[in-house]
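Residue-level listing of the chains:
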Amino acid sequence: VFLDTKRLVKGEDWQEGFLGGLMRTLVAVPLVSAGMLQPMARLEGGDDDPRDNVLVELTFMQALIESGGGSLETVYPVMVGKPRPPDDPQYPYTGNFFQESGGVMDQLPDVISPPSNRTVADYLARRGVTGEVAALARGVRS
């Protein structure tokens, strides 16, 4: 099991630690929250967009599956709502992602920001994964 909060080493290159870990992982289970998606909703799909590391991670997962460039066979995203406070009767459960997300899914851009896309393509190329990877041409919502 690669749990980023346990396996990433302080001071280690983020890309090497996280993306390298994904290449050696059989199943990925990203936890998706509205807070995770909101920065992506601000991207416009242009060269001046900042690199979004979460977008890099999700695109990289899809690219690995499509290219067969690693061990990853499937991705099971889990949509989570906001954590309930300790005094809430439903604590420790989370809220409903779809009720609490404020339509963030509809605000995601149609294309992956070029800086995020380049990060994925460059890392794959350094690892010897070549050829067309459809994930790099998809939109964020697909």
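Residues numbered from 1 in each chain as written. Predicted model: local features only at pLDDT ≥ 70, side-chain atom pairs only at ≥ 80, totals over all residues. Heavy atoms only, no water.

### Description of the overall build of the protein chain
Now for step 1: Counting its secondary structure elements, the protein chain contains seven helices and four strands.
Now for step 2: Counting from the amino terminus, helix and strand elements in the protein chain follow one another as α-α-β-β-α-α-β-β-α-α-α.
Now for step 3: Radius of gyration (C-alpha) of the protein chain: 16 Å, near the 14 Å computed for a compact globule of 142 residues.
Now for step 4: When its C-alpha atoms are laid out on the principal axes, the protein chain stretches across 50 × 35 × 30 Å.
Now for step 5: In the protein chain, which comprises 142 residues, the proportion classed as buried is 36%.
Now for step 6: A fraction of 71% describes how many contacts in the protein chain between residues 6 or more apart in sequence connect residues 24 or more apart.
Now for step 7: Summed over all atoms, the accessible surface of the protein chain reaches about 8700 Å², with 51% contributed by carbon and sulfur. (Helix = DSSP H or I, 4+ residues; strand = E, 2+ residues; numbered from the N terminus. Rg over C-alpha atoms; globule rule 2.2 N^0.38 Å. Buried < 20%, exposed > 50% of the residue type's maximum accessible area, 1.4 Å probe, protein only. Contact = heavy atoms within 4.5 Å. Areas by Shrake-Rupley, 256 points an atom, 1.4 Å probe, with all protein chains shown as cover.)

### As for a nonpolar patch on the surface
Now for step 1: Together, Leu 26, Val 27, Val 29, Leu 31, Tyr 76 and Val 78 make up a nonpolar patch on the protein surface, roughly 540 Å² of accessible area in all.
Now for step 2: For Leu 31, the location among the structural elements is in strand S2 (residues 31-32). (Patch = residues over 30% accessible without salt bridge, like charges linked within 9 Å, V, L, I, M, F, W, Y side chains within 5 Å. Salt bridge = Lys/Arg side-chain N within 4 Å of Asp/Glu carboxyl O.)

### A few points about the side chain of Asn 117
Now for step 1: By the element assignment, Asn 117 lies in helix H7 (residues 114-126).
Now for step 2: Here Asn 117 is in contact with Ile 112 and Leu 136, once residues within four sequence places are set aside.

### Focus on the pattern of salt bridges
Now for step 1: Enumeration over the complete set of coordinates arrives at one salt bridge.
Now for step 2: A salt bridge links Asp 47 to Arg 118; its shortest N-O distance comes to 3.4 Å. Taken together, the positions of Asp 47 in the loop between helix H3 (34-41) and helix H4 (53-67) and Arg 118 in helix H7 put the pair 71 residues apart, joining distant regions of the chain.

### Quick notes on the confidence of the model for the protein chain
Now for step 1: In the predicted model, the protein chain carries a mean pLDDT of 85, and the fraction of residues at 70 or more is 90%.
Now for step 2: For the protein chain, the element scoring lowest by mean pLDDT is helix H1 (residues 4-7), at 56; strand S3 (residues 74-75) scores highest, at 93. (pLDDT = per-residue confidence, 0-100.)

### Description of the nonpolar core
Now for step 1: Core analysis: the biggest nonpolar cluster contains 17 residues, and Leu 19, Leu 22, Phe 60, Leu 64 and Leu 124 have the highest contact counts within it.
Now for step 2: Elements supplying a minimum of two residues to this core: helix H2 (14-23), H4 and H7.
Now for step 3: The biggest single contributor to this core is H4, with five residues.
Now for step 4: Ignoring sequence-local partners within four residues, the contact set of Leu 19 consists of Trp 14, Val 56, Phe 60 and Tyr 123.
Now for step 5: Formed by twelve residues, the second largest nonpolar core is a distinct cluster that contains Val 32, Ala 34, Leu 43 and Phe 97. (Core = buried A, V, L, I, M, F, W, Y, C linked by side-chain atoms within 4.5 Å.)

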